[in-house]
Amino acid sequence: MRRLRGIGPAAILTLALALTCGSAASAQPLTVVTAARVHTLDPARPRAQGLVFDAAGKIVAVGTRGDLLHLYPNARHIDFGEATLVPGLIDAHAHVFELGINQLQADLSGTRSKAEALQRLREFARALPPGQWLIGHGWDQNDWPDARFPEAADLDAEFPERPVWLQRIDGHAGWANSAAMRAAGRELGGDWQPDGGRIVRDDQGRATGVFIDDAMALLERARPPLPPAAVEQALSLGMQAAVRHGLTGVHDAGVDLPTLRAYQRLAERKQLPLRITAFAAGDGDALESLCRDGLYQHPSGRLKMRTVKLYADGALGSRGAALLQDYSDERGNRGLLRMSPEAMAKAIAKAERCGVQVATHAIGDRGNREVLDLYAQALGENATTRDHRWRIEHAQILAPQDLPRLAALHAIASMQPTHATSDMPWAEDRLGPVRIDGAYAWRQLRDSGARLALGSDFPVESVDPRLGLFAAATRTDAAGKPQGGWHPQEKLTAYEALRGFTLDAAYAGFAENEVGSLAVGKRADFVVFEQDPLAVEPQRLRELTLLGTYVDGAPVWQREPAQR
């Protein structure tokens, strides 16, 4: 083979790879994309200056700028100058419908007092027709001077007749007024409790207006259902927000069959701007569909479902996370299990029979232990030999003896860095100084050999993955407090954080052969930053300037040019 003048061995290898892609691929129009830096996340070639992809959005070459332009002189060329390309960012745990529908509801996020929340509700209600439910989200009593749960009476004074239903920021509690509780159609007082949930009551056994975890269903069933068109609108709004912030993929953690059908209709109309990995919501209709019809993937490659999302417990902020010992700030309360161990074991066995990946929400140390015990029981001796990729969603609080068990079971820790920086003002009050050492323990888990897939849990947290990169690398708030980071020994490096949002998130979704890194044969999903996320100070990660989001080589969002 005659050596090409001016082209190094790496470029010759790139050329050989490109020539072996087949005549059909080489006949398609090609695009060369170049930039000052390309962080490929491919261990075989971590750094490059460009990549080449065909009309179908498949990468056919990766290399230096000079080599690629020399090898592909007739290709379309896009140069991003001094910018940096990284693989498309994947949020490994989020809720697309909820992100979208929240844009159509009253937003109470960020309110600093109950009075401010009520003022926002008054303003939102002005545009509502008489009798229509006032639906909202985002309240967090931990941010208010009086950190106790609110009550129906607070809402009744403003809305005596209109039903009001407001989800807490974490989606694990709801606040209702008396009109909404009357619409539930049953007596909510007494000493009974629904399975997997809790009705908060006063000393006389009367419902106060707050419903935790599965008790929320009593109110959700009473509110008017959304029409299918509204579901599609909410999904579209959520996806557009995701690509605006640099996400090329989302693991949508909990989708029922009607919502999957809405996704499918959008996919058929080519209206999915990013890749959705949907999780079947519990042991319900979507899991039945997977067992009956097999694992699902749309021909476009932008929608799939092969995972079931189960719930072990609730959330720490509403004291629903299941703990091994009492909450430090509420004696006698150890949280709750949303599914009994027997029900979880049954659902896990069903998923295993159907070849469905299991992903289980577990926040408290008891919740995590229950899941680890059930996974060990179901997997048996096959835990280390099967490519099961079972996941624990959040893995937020772990007893010391349970921390190494994830790696031993080859279980993936699907974690959300911004949960730590949001919870740090009050988390130690909930757990005390000993248990907090096993909470939000990214470094301990990673060093134990567990794989970390990172996400945000939006809309509980912001959809912006830059905030996740920042939180993972600094463990501080936006003002840089506490100095040096909260429990700084658990920090990740910027590279580890980026890997958690790319290659490891892809692996957690059985997609590492398609996305997660920029390599020959993979999809041209990438984002463009003005700065280099692996070179800036960690404190500047939240300030990265996003220039564009690309899926299959096509822009799904681009920054508008600055006005002169």
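Scroll up to find the structure.
The rules behind the values
Residues numbered from 1 in each chain as written. Predicted model: local features only at pLDDT ≥ 70, side-chain atom pairs only at ≥ 80, totals over all residues. Heavy atoms only, no water. Helix = DSSP H or I, 4+ residues; strand = E, 2+ residues; numbered from the N terminus. Buried < 20%, exposed > 50% of the residue type's maximum accessible area, 1.4 Å probe, protein only. Contact = heavy atoms within 4.5 Å. Areas by Shrake-Rupley, 256 points an atom, 1.4 Å probe, with all protein chains shown as cover. Lys, Arg positive; Asp, Glu negative; His and termini not counted. Charge placed at Lys NZ, Arg CZ, Asp CG, Glu CD. 1 Å grid on protein atoms, 1.4 Å probe; cavity = no way out; pocket = protein on both sides within 12 Å on 5 of 7 lines; lining within 4 Å. Points joined across faces, edges and corners; volume = space filled by probe spheres on them. Nonpolar A, V, L, I, M, F, W, Y, C, P; charged D, E, K, R; others polar. Pairing = 2+ DSSP bridges. Axes fitted to C-alpha atoms, helices over the stretch in contact; angles between N-to-C directions. Salt bridge = Lys/Arg side-chain N within 4 Å of Asp/Glu carboxyl O. Parallel < 35°, antiparallel > 145°, perpendicular 65-115°, else oblique. Left-handed = near helix turned anticlockwise from the far one by under 90°. Expected span 1.5 Å × (residues − 1). Arc of directions from axis to C-beta. Phe/Tyr/Trp six-rings, centres within 6.5 Å; stacked < 30°, edge-to-face > 60°. Lys NZ or Arg CZ within 6 Å of the ring centre and 35° of its normal.

Caption draft 1: Geometry of the overall build of the protein. A count of helices and strands for the protein gives 20 helices and 23 strands. Taking the principal axes of its C-alpha atoms as reference, the protein extends roughly 90 × 55 × 55 Å. Across the 564 residues of the protein, 58% fall into the buried class. Here the analysis covers contacts within the protein between residues at least 6 apart in sequence; of these, 71% occur between residues at least 24 apart. In the structure as shown, the protein presents an accessible area of about 23200 Å², 50% of it carried by carbon and sulfur atoms. When the 64 positive and 69 negative side-chain charges of the protein are each reduced to one mean point, those points stand 6 Å apart.

Caption draft 2: Broad picture of the layout of surface pockets. There is about 370 Å³ of room inside the second largest pocket. For the lining of the second largest pocket, the elements supplying multiple residues, two or more each, are strand 13 (247-255), strand 14 (275-281), strand 15 (296-297) and strand 16 (303-311). Residues belonging to the lining of the second largest pocket are distributed by class as follows: 11 nonpolar, 8 polar and 8 charged.

Caption draft 3: Region of interest: helix 18 (residues 465-474). The buried fraction of helix 18 is high, at 10 of 10 residues. Taken residue by residue, helix 18 has Pro465, Arg466, Leu467, Gly468, Leu469, Phe470, Ala471, Ala472, Ala473 and Thr474 as its buried positions. Directly beyond the C-terminal end of helix 18, a positive phi value near 50° is found at Arg475.

Caption draft 4: Molecular detail of the sheet that holds strand 8 (residues 134-139). Read from one edge of the open sheet, 6 strands run 7-8-9-10-12-11, paired in mixed fashion. One side of each edge strand has no neighbouring strand; the edge strands of this open sheet are strand 7 (106-107) and strand 11 (197-201). When strand 8 meets strand 9 (residues 164-168), the two strands line up parallel, connected through 5 bridges. Within strand 9, the residue paired with Trp139 across the bridge is Arg168. Against the sheet, helix 5 (residues 114-125) engages strand 7, strand 8, strand 9 and strand 10 (173-176), with an angle of about 150° to strand 8.

Caption draft 5: Spotlight on the pattern of salt bridges. Within the structure shown, the criterion is met by 39 salt bridges. As a salt-bridge pair, Arg65 and Asp79 come within 3.9 Å of each other at their nearest N and O atoms. One end of the pair, Arg65, is in helix 3 (residues 65-71); the other, Asp79, is in strand 4 (residues 76-79), and 14 residues separate them in sequence. Judged by relative accessible area, Arg65 falls into the partly exposed class, the value being 36%. According to the relative accessible area criterion, Asp79 is partly exposed, its value standing at 41%. The partner of Asp504 in a salt bridge is Arg499, and the shortest N-O contact between them spans 3.1 Å. Per residue, the accessibility class of Asp504 equals that of Arg499, and both read buried.

Caption draft 6: Just the packing of helix 9 (residues 228-244) against helix 10 (residues 257-268), in detail. Contact pair helix 9 / helix 10: the axes reach a minimum separation of 9 Å and the direction vectors enclose 70°. Relative to helix 10, helix 9 is oriented roughly perpendicular. Regarding helix 9 and helix 10, the two cross each other, and that crossing is right-handed. On the side of helix 9, the interface is formed by Pro228, Val231, Glu232, Leu235, Ser236 and Met239, while helix 10 contributes Thr259, Ala262, Tyr263, Arg265 and Leu266. Of the residues that constitute the contact of helix 9 with helix 10, the class distribution is 7 nonpolar, 2 polar and 2 charged.

Caption draft 7: Seen up close, helix 5. Counted at 1.5 Å a residue, the expected span for helix 5 with its 12 residues is 16 Å, and the 16 Å between its end C-alpha atoms agrees. Those residues of helix 5 that fall on the buried side of the exposure criterion are Ala117, Leu118, Leu121 and Ala125. One side of helix 5 carries all its buried residues, which in axial view fall inside an arc of 95°.

Caption draft 8: The arrangement of the packing of aromatic side chains in detail. In the structure shown here, the tally under the stated rule is 9 aromatic pairs. Pairing Trp144 with Trp175 gives two aromatic rings, centres 6.2 Å apart and planes at 65°, and the pair type is edge-to-face. One end of the pair, Trp144, is in the loop between strand 8 and helix 6 (152-156); the other, Trp175, is in strand 10, and 31 residues separate them in sequence. For Trp175, a relative accessible area of 0% corresponds to the buried category. Both rings, one in Trp165 and one in Phe211, keep their centres 6.2 Å apart while their planes meet at 65°; by these two values the pair is edge-to-face. Taken as a pair, Trp165 in strand 9 and Phe211 in strand 12 (residues 207-213) lie far apart in primary sequence, 46 residues in all. Here the basic side chain of Arg338 rests over the ring of Tyr311, its NZ or CZ set 4.2 Å away from the ring centre. Taking the ring centre of Trp442 as reference, the NZ or CZ of Arg475 above it sits at 4.4 Å.

Caption draft 9: Focus on the packing of helix 10 against helix 11 (residues 285-293). Interhelical geometry of helix 10 versus helix 11 gives an angle of 65° and a closest axis separation of 7 Å. It follows that helix 10 is roughly perpendicular to helix 11 by the angle criterion. Here Leu257, Pro258 and Arg261 of helix 10 lie close against helix 11, whose contacting residues are Asp285, Ala286 and Ser289. Tallied by class, residues from the contact of helix 10 with helix 11 come to 3 nonpolar, 1 polar and 2 charged.

These figures capture arrangement, not role.
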